[in-house]
Amino acid sequence: MSPAPSRARIRPWLVAGDLAMAAAWVCAGALVKLLVYGPLGFGGRPEAEAVKVSLSIVYMFIFAWLETATGGASYNPLTVLAAAVASHGGPAVYVFTAFLRIPAQVMGAVLGVKLIQFTFPNVGKGARLSVGAHHGALAEGLATFMVVMVSATLKKKEMKSFFMKTWITSIWKNTIHILSSDITGGIMNPASAFAWAYARGDHTTFDHLLVYWLAPLQATLLGVWVVTFLTKPKIKEQEEDENKTKKE
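Residues numbered from 1 in each chain as written. Predicted model: local features only at pLDDT ≥ 70, side-chain atom pairs only at ≥ 80, totals over all residues. Heavy atoms only, no water.

Quick look at the packing of helix α4 (residues 91-119) against helix α7 (residues 190-200) now. At their nearest, the axes of α4 and α7 sit 8 Å apart, and the two run at 50 degrees to each other. Classified by the angle their axes make, α4 and α7 are oblique. Along this stretch, α4 crosses α7, giving a crossing that reads as right-handed. In this structure, α4 uses Gln105, Val106, Ala109, Val110, Val113, Lys114, Ile116 and Gln117 to contact α7, whose residues at the interface are Ala191, Ser192, Phe194, Ala195, Trp196, Tyr198 and Ala199. (Axes fitted to C-alpha atoms, helices over the stretch in contact; angles between N-to-C directions. Helix = DSSP H or I, 4+ residues; strand = E, 2+ residues; numbered from the N terminus. Parallel < 35°, antiparallel > 145°, perpendicular 65-115°, else oblique. Left-handed = near helix turned anticlockwise from the far one by under 90°. Contact = heavy atoms within 4.5 Å.)

Bringing the nonpolar core into the picture now. When a protein is soluble and globular, its nonpolar side chains tend to lie buried together. In terms of nonpolar packing, the biggest core is built from 18 residues, with Val106, Ala109, Ile116, Val123 and Trp196 touching the most fellow members. Those elements that provide at least two residues to this core are α1 (13-37), α4 and α7. No other element matches α4, which puts six residues into this core. Beyond its immediate chain neighbours, meaning those up to four positions away, Ala109 contacts Ala22, Ala23, Val26, Ala191, Ser192 and Ala195. Membership of the second largest hydrophobic core comes to 14 residues, among which are Val36, Tyr59, Phe63 and Tyr75. (Core = buried A, V, L, I, M, F, W, Y, C linked by side-chain atoms within 4.5 Å. Buried < 20%, exposed > 50% of the residue type's maximum accessible area, 1.4 Å probe, protein only.)

Glancing now at the layout of surface pockets. In this structure, the largest pocket occupies an estimated 830 Å³ of space. Surrounding the largest pocket, 33 residues form its lining, Gly29, Lys33, Tyr59, His177 and Gly185 being those nearest its centre. Of all the secondary-structure elements, those providing two or more residues to the lining of the largest pocket are α1, α2 (47-69), α6 (162-180) and α7. At eight residues, α1 tops the list of elements feeding residues into the lining of the largest pocket. Tallied by class, residues from the lining of the largest pocket come to 14 nonpolar, 12 polar and seven charged. (1 Å grid on protein atoms, 1.4 Å probe; cavity = no way out; pocket = protein on both sides within 12 Å on 5 of 7 lines; lining within 4 Å. Points joined across faces, edges and corners; volume = space filled by probe spheres on them. Nonpolar A, V, L, I, M, F, W, Y, C, P; charged D, E, K, R; others polar.)

With that out of the way, let us pick up the UniProt feature "transmembrane region" (unreviewed entry) in the protein. Look at the UniProt record and you will see "transmembrane region" (unreviewed entry) annotated at residues 12-37, 57-85, 133-154, 175-198 and 210-230. The span residues 12-37 is 96% helical and 0% strand by assignment, and the distance between its end C-alpha atoms comes to 39 Å. Annotated as 100% helix and 0% strand, the span residues 210-230 places its first and last C-alpha atoms 28 Å apart. (UniProt positions renumbered as here; feature names shortened; annotations may be inferred.)

Across residues other than glycine, the phi torsion is negative in most instances, and most of the peptide bonds are trans. The phi angle at Met188 is positive, at roughly 55 degrees, despite the residue not being glycine. In this fold, Met188 is placed in the loop between α6 and α7. In this structure Met188 comes out as buried when scored by relative accessible area, which is 1%.

As a further point, take the packing of α2 against α6. At a minimum axis distance of 9 Å, the contact between α2 and α6 shows a crossing angle of 135 degrees. Viewed along their axes, α2 and α6 adopt a mutual orientation that is oblique. Both α2 and α6 take part in a crossing whose hand is right-handed. Across from Glu49, Val53, Ser56, Ile57, Met60, Phe61, Ala64, Trp65 and Thr68 in α2, the residues of α6 making contact are Phe162, Phe163, Thr166, Trp167, Ser170, Ile171, Lys173, Asn174 and Ile178. Partitioning the contact of α2 with α6 into residue classes produces 11 nonpolar, five polar and two charged.

It is worth spelling out the environment of Glu49 at this point. When you line up the elements, Glu49 lands in helix α2. Separated by 13 residues in the primary sequence, Glu49 and Val36 have C-alpha atoms spaced 8.8 Å apart.

On average, residues of the protein score 88 in pLDDT, and 90% of them reach the 70 mark or higher. Here residues 3-7 is a poorly scored stretch, pLDDT under 50, and it has 15 contacts once near neighbours within four places are set aside; other chains count. (pLDDT = per-residue confidence, 0-100.)

Glancing now at the packing of aromatic side chains. Inspection of the entire model under this criterion finds 10 aromatic pairs. Measuring from ring centre to ring centre gives 6.2 Å for Tyr59 and Phe63, while their planes differ by 80 degrees; the resulting arrangement is edge-to-face. Of this pair, Tyr59 and Phe63 both sit in helix α2, four residues apart, roughly one helical turn. Assessed through its relative accessible area of 13%, Tyr59 is described here as buried. For Phe63, a relative accessible area of 6% translates into the label buried. Geometrically, the ring pair formed by Phe194 and Tyr198 is stacked, given 6.0 Å between the ring centres and 20 degrees between the ring planes. Here Phe194 pairs with Tyr198, and both are found in helix α7, just four residues apart, close to one helical turn. Judged by relative accessible area, Phe194 falls into the buried class, the value being 19%. On the basis of relative accessible area, Tyr198 is assigned to the partly exposed category, the value being 37%. Through a chain of ring-to-ring contacts, the aromatic side chains of Trp25, Tyr59, Phe63 and Tyr75 assemble into a single cluster. (Phe/Tyr/Trp six-rings, centres within 6.5 Å; stacked < 30°, edge-to-face > 60°.)

Shown next, in the form of structure tokens:
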């Protein structure tokens, strides 16, 4: 999840961009696994995880660049939700995000899964919940919260280096993914989770809705609120200093 833009605006073309990005993201993740366990022949060797992380960082840089190049198109509903909340853009931005952008991302992810399964029938069926629903919701929510906190903090600091910003978020997200992968898959992306669940036919179950939708969405809102609350005094002090300077 890349740092959300500071100001969310209604850009209609982002809907098409979200759909394409979500489809490409799902395919990229599946292709990395196929490459590691197929042609590269790592199988169950310890090096497999390191290679997967390395390749994941590479395509995370590519997607981060695409987000910048398209003006904010994204593959993750949590990213656009965080942007809408942080921007204080009003009801119009929230409606645009909830009823156009997020459904487009879900549709794109489903198309991506269908495409990758048609092209590579042995691709698998995605991550599955290996614990109880409430335990899984706690794990996925905590993982999402930690990623959102780092992403939102980097944005608040207005880090200008694209490389450093993307490097930090990529390493952090991969770390959290590894830690939670045995519990929920460490997806932290409701669109991708829905797409694989849809392909399996369990996308409407209580466990899926609680773990992969409700928990990460709540964690995203909480993460943005916490970062905003913690950085608010600094912003006020800066504004007071600027007003004082103007008066002088």
